[in-house]
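The chain contents come next:
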Amino acid sequence: MQLFKSARAALYAAGTVFAGALVAAAPAQAQEPIRIGAFLAVTGPAAFLGDPEQKTLEMYIERLNAAGGVIGRKLQLVSYDSGGDAEKARTFTKRLIEQDKVDLIIGGTSTGETMAAVPLVEQAQIPFISLAGAVVIVEPVKKWVFKTPHTDRMACEKIFTDLNHRKLNKLALISGAGGFDRSMRAECLKVAPKYGIEIVADESYGAADTDMTAQLTKIKGTAGVQAVLNCGFGQGPAIVTKNYRQLGITQPLYQSHGVASKEFIKLAGGAAEGVRLPAAALLVADILPANDPQKPVVTAYSHDYTARYKSDVSTFGGHAYDALMIATEAIKRAGSTDKAKVRDEIEKTKGFMGTGGAFNMSPTEHMGLDLTAFRMLEVRNGNWTLVKD
Amino acid sequence: MSGEWLQFLAGGLTIGAIYALVALGFSIIYNASHVINFAQGEFVMIGGMSAVSFIGTGLPMPLAIVGAVVAAGAVGLLLEWLAVGRARKADVVTLIIITIGASIFLRGLAQLIWDKSIHALPALSGDHPIALFGATVLPQSLWVLGVTVVVVIILSWFFNRTLLGKAMLATSYNRLAAQLVGIEVRQVLLASFGLAAALGAIAGVLIAPITFTSYDIGIMLGLKGFAAAILGGLGSFPGAILGGLLLGLLENLGAGYVSSAYKDVIAFALILAVLFIRPDGILGARKSDRV
C-alpha cells in the first residue's frame, strides 16, 4: 500500500512538472520553429564523414535551443540519411522542400549528393549549404548554393606550394575512382602547370580495391618521379600508404585533405610516418600557436565534440559546424527566415571565423576560404605536426 | 623488370588466395544445397570485425582469431537453422533470395554492434616487408598463402577421410540417394553453413591487416569470391582455388601491365571469355540433363 501511495505521489509530481513545462513552453510554441533540413551520408561508404556531421548538427542545435534559439525561435533539425547515394539525396531534398517545408538545407556529404540536390534547391529557391569538397559546387556560382569545406583545388594548390618549397617538380599521381578522388585529380592536373609541376605518372584504383602494389610498382619504375600524390578518400589512401612503404619507395608521399582524420594514422600505422597532407586547423587545435586567430573556435569545437561523443574530432564535423553557424548568423542578421533575405545575408558573410578558416563570401564567391585555411601537416611519431610555411 | 613481374605476381597471389577461400565457402554450400549463399562475404566481414573487437577487449591474438572463427561459424549455423533450413522445401531461388536478405541483415547488424568506421588488425608477424628478387612481400601475405594451403589440406582430408565429410560429398553427388542410405541431409546442410562461415572468417582475419576491415567489405569480397567460384567451376573445390588465384593474378597483372583504371574490366572480360568456352567453369563438371 505504501508503495502505491508513493507511486501516486510521484505521478502527481510528474504531472505538475509536465503541466509547468507546458505553460513555460507555450510562448515559444506560438512561434513556429526554424526548420533546418539536412541530408547526410550517415551510413554507407562516406559514413565516417556523414556521421560526425550529423552528430555536430544535433549537438549545436541542442545548444542553440538551450540558449533560447535564434531570433526568439527554436531550431528543429529534420535530417535524413542519404547513405552517400545521389539518387536518395535527390529524393530526400524533394521531401525536405515539399513535405517538411524546411527554411534552409544543410548537407550533401559528398559532391555527388550535393550536385543531385542543386537543381531542386535552385528551383525551389531555398538557401543550401553543402558540406562537400569539389569546386564544381560553387563554380560557376549558383544563386542558392554555398559550401563550407575547402575545395579540392585549394588542396592541390597547397600541396604544390609545398612541393615548390621543397624544389620538387616531377609528381606521380595515384587516384581512386570515387567522386572526390576523380574531382581532385582533375583539379590537380588543371593547376599543376601554374606551379611548374610536371605530372609524370597517373595511376588509378577502384573504390573497393584492397591492393595497390601493382600501380605503385609502375610508379616506382617510372623515371624521374620526385614525389607522389594520392588523390583519395576512405580506406584506399591508407592501403596506398602501407603498400608504398612495403615497396620501399623513398620519395615523399602526399595525401589529400580527404583523409585528414586520426583514423588515417590509426589505419596506416607506422607506414604513415612522414606522409604530408593539407588540412584544416581543427585537426591540430592543440598544437596551434596561442596567437593563431583560429585557435579559440577550433579548440572550443574540438573540446565540445570530444566531451560529448568520446571520439576524435574530424574536419567533416567542423564543416557542419561552420554551415550551421553561418546559417544561424545569417538568420539573425536577416531577422527572419525569409528565404531570399537569408540567402542575401549568407552571401554577405564577412570575416566569420569557423573551424575551416576565415569565411569571406561575396556574390562571386560562395565558399569564401583562401589558402591560409589549410595547414600543411606531416605525420611524425603517430601524430600530426605542423610544417612551417 | 623481373622485380616488377614478381611484385605483380606476389600481390595477385595474396589477394587471389583470399578470393579462393571465399570461393571455397560458396562451393561447400552449393554442393550441400545447390544454394548460392550471397551472405558468404558477410562471413568474411564478421570474421575480421569480431577479431578486431576481441583484440579490443584485450584478448591475445591467437585467442581472438579462434574466437572470431567460432563466432562466424555460429552465425553461419544460426543462419541455416533460423532461415535457410526452415525454408529448405522451397525453391532454390527462394533460398538464394533468403541469403541475399541475410547478407543485408548481417551488414545492418554489424553497423549496430560495431560501427561504420574502418578498422585495422595488427599483422601476425610484423609489418616489415621481406625483399625477394627485387620484389617486396609483407609477412602477412606469406601467412595468407600458407594458411590457405593448410586449409586446403585440412579440407581435402575432411572430405575424403571423415564420415561427415564423406556424407557431405555424397549429398552433393546425389541428394536422394544420400538420404536413402541414411545420411541426415539436414545435418549436412547445417555443417556446410558452419564450415563455409568459418572459412570466410579465416579469410576475414587474414586479410584485415593488409586491406583493413569494415562492416561493408563483404560486398566486394563476396562478389569477387563468387566470380572466382564460377570461373573455377561452381561446386568444384580445386576449381574454387584455381579460380581465386587466377582472378587475383588477372587483376594485378591487368593493373600492372595494361591499365589500372580498367583492371576489373580486364579480369571480368577474361572470365566471360573462359565461360564462353567452358560454361561450367574451368574445372566444373559438365552437367547433362537426363530425359
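Residues numbered from 1 in each chain as written. Chains lettered and ligands numbered in written order. Predicted model: local features only at pLDDT ≥ 70, side-chain atom pairs only at ≥ 80, totals over all residues.

*Asks:* What is the right way to look at the overall build of chain A in this model?
*Replies:* Assigned secondary structure in chain A consists of twelve helices and 14 strands. Its C-alpha radius of gyration of 23 Å places chain A within 12% of the 21 Å reference for a compact globule of 389 residues. Along the three orthogonal principal directions, the C-alpha set of chain A runs to about 85 × 55 × 45 Å. With 389 residues in all, chain A has 55% of them scored as buried. The long-range share in chain A, meaning contacts at least 24 apart out of those at least 6 apart in sequence, stands at 67%. (Helix = DSSP H or I, 4+ residues; strand = E, 2+ residues; numbered from the N terminus. Rg over C-alpha atoms; globule rule 2.2 N^0.38 Å. Buried ≥ 20, exposed ≤ 12 C-beta atoms within 10 Å, placed from the backbone. Contact = placed C-beta atoms within 7 Å.)

*Asks:* Is there a simple way to explain the domain arrangement of chain A in this structure?
*Replies:* Interface size, as often reported, equals the accessible area lost upon joining of the parts. Residues and elements named next belong to chain A. Entries for chain A in the domain assignment read domain 1 (29-151 + 295-372) and domain 2 (153-287 + 374-386). Computed over C-alpha atoms, the centres of domain 1 and domain 2 are 28 Å apart. Opposite the 23 residues of domain 1 that make contact, domain 2 presents 22 residues. Secondary-structure elements contributing two or more residues to the side of domain 1 that touches domain 2 are α4 (111-124), α10 (295-309) and α11 (315-334). Classifying every residue of the side of domain 1 that touches domain 2 by side-chain character gives eight nonpolar, 14 polar and one charged. (Domains from an automatic or database assignment. Nonpolar A, V, L, I, M, F, W, Y, C, P; charged D, E, K, R; others polar.)

*Asks:* Help me out: how do you make sense of the nonpolar core in this one?
*Replies:* Soluble globular proteins tend to pack their nonpolar side chains together in the buried interior. Of all hydrophobic cores here, the largest spans 209 residues; its most connected members are A:I106 and B:I18. In terms of domain composition, this core takes at least three residues from each of domain 1 (29-151 + 295-372) and domain 2 (153-287 + 374-386) of chain A. Aside from chain neighbours lying at most four places away, what touches B:I18 is B:V144, B:A203, B:L206, B:I207 and B:L221. (Core = buried A, V, L, I, M, F, W, Y, C linked by C-beta atoms within 7 Å.)

*Asks:* Before we go on, may I ask you to explain the confidence of the model for chain B in this structure?
*Replies:* Residues shown with low pLDDT carry predicted positions that ought not to be read at fine detail. Looking at chain B as a whole, its pLDDT mean stands at 87, while 97% of the residues score no less than 70. Both confidence scores are given for the complex: pTM 0.72, ipTM 0.72. (pLDDT = per-residue confidence, 0-100.)

*Asks:* I'm lost on the interface of chain A and chain B in this one. Help?
*Replies:* Taken together, the contact between chain A and chain B spans 29 residues of the former and 26 residues of the latter. Elements with a minimum of two residues in the side of chain A that touches chain B: α2 (47-66), β7 (198-204), α7 (213-220), α8 (236-246) and α9 (262-268) of chain A. Class assignment of the residues belonging to the side of chain A that touches chain B gives a composition of ten nonpolar, 13 polar and six charged.

*Asks:* Please clarify how helix α3 (residues 86-98) of chain A should be interpreted in this entry.
*Replies:* For an α-helix the count is 3.6 residues per turn, leaving residues at separations of three or four pointing the same way. Given a rise of 1.5 Å per residue, 13 residues ought to cover 18 Å, and the 18 Å separating the end C-alpha atoms of α3(A) matches this to within 8%. In this structure, the buried side of α3(A) is in contact with β1 (34-40), β2 (75-81), β3 (104-107) and α4 of chain A. (Expected span 1.5 Å × (residues − 1).)

*Asks:* Sorry if this is basic, but what is going on with the pairing of strand β10 (residues 276-280) of chain A here?
*Replies:* Remember that side chains alternate between the two faces of the sheet whenever the strand is regular. All names here are of chain A. With five of its five residues buried, β10 lies for the most part within the structure. As judged from the five bridges shared by β10 and strand β13 (residues 374-380), these two strands associate in the antiparallel manner. Its bridge partner lying in β13, A279 is registered against R375. (Pairing = 2+ DSSP bridges.)

*Asks:* It is not clear to me how the packing of helix α3 (residues 61-84) of chain B against helix α4 (residues 92-113) of chain B should be interpreted in this structure. Could you clarify?
*Replies:* Packed helices, taken two at a time, are described by the angle between their axes plus the distance between the axes. Residues and elements named next belong to chain B. In contact at an axis separation of 11 Å, α3 and α4 are set at 125° when each is read in the N-to-C sense. Put simply, α3 runs oblique to α4. Here α3 and α4 pass one another in a crossing that is right-handed. Mapping the contact onto sequence places L79, A83 and V84 in α3 and L95, I98, T99 and A102 in α4. (Axes fitted to C-alpha atoms, helices over the stretch in contact; angles between N-to-C directions. Parallel < 35°, antiparallel > 145°, perpendicular 65-115°, else oblique. Left-handed = near helix turned anticlockwise from the far one by under 90°.)

*Asks:* Help me understand the packing of α3(B) against helix α8 (residues 185-211) of chain B in this model?
*Replies:* All names here are of chain B. Where α3 contacts α8, the axes come no closer than 7 Å and their chain directions differ by 145°. For the pair α3 and α8, the crossing hand works out as right-handed. Judged by residue contacts, I65, A68, V69, A72, G73, V75, G76, L77, L79, E80 and W81 of α3 engage L189, L190, F193, G194, A196, A197, A198, G200, A201, I202 and V205 from α8. Of the residues belonging to the contact of α3 with α8, the class tally is 17 nonpolar, four polar and one charged.

*Asks:* Help me understand the pairing of β3(A), please; the structure alone is not making it clear to me.
*Replies:* Residue and element names in this part refer to chain A. The side-chain alternation of β3 yields two buried faces, one formed by L104 and I106 and the other by I105 and G107. As defined by bridge partners, β1 adjoins β3 across four bridges and the pair is classed as parallel. When the bridges of β3 are listed, I36 appears paired with L104. Looking at chain direction, β3 and strand β4 (residues 128-130) are connected through three bridges and run parallel. Across the sheet, I106 pairs through a bridge with I129, a residue of β4. Once the chain exits β3 it traverses α4 before rejoining the sheet at β4, and the crossover so formed is right-handed. (Right-handed = clockwise from strand over helix to strand, strands pointing away.)

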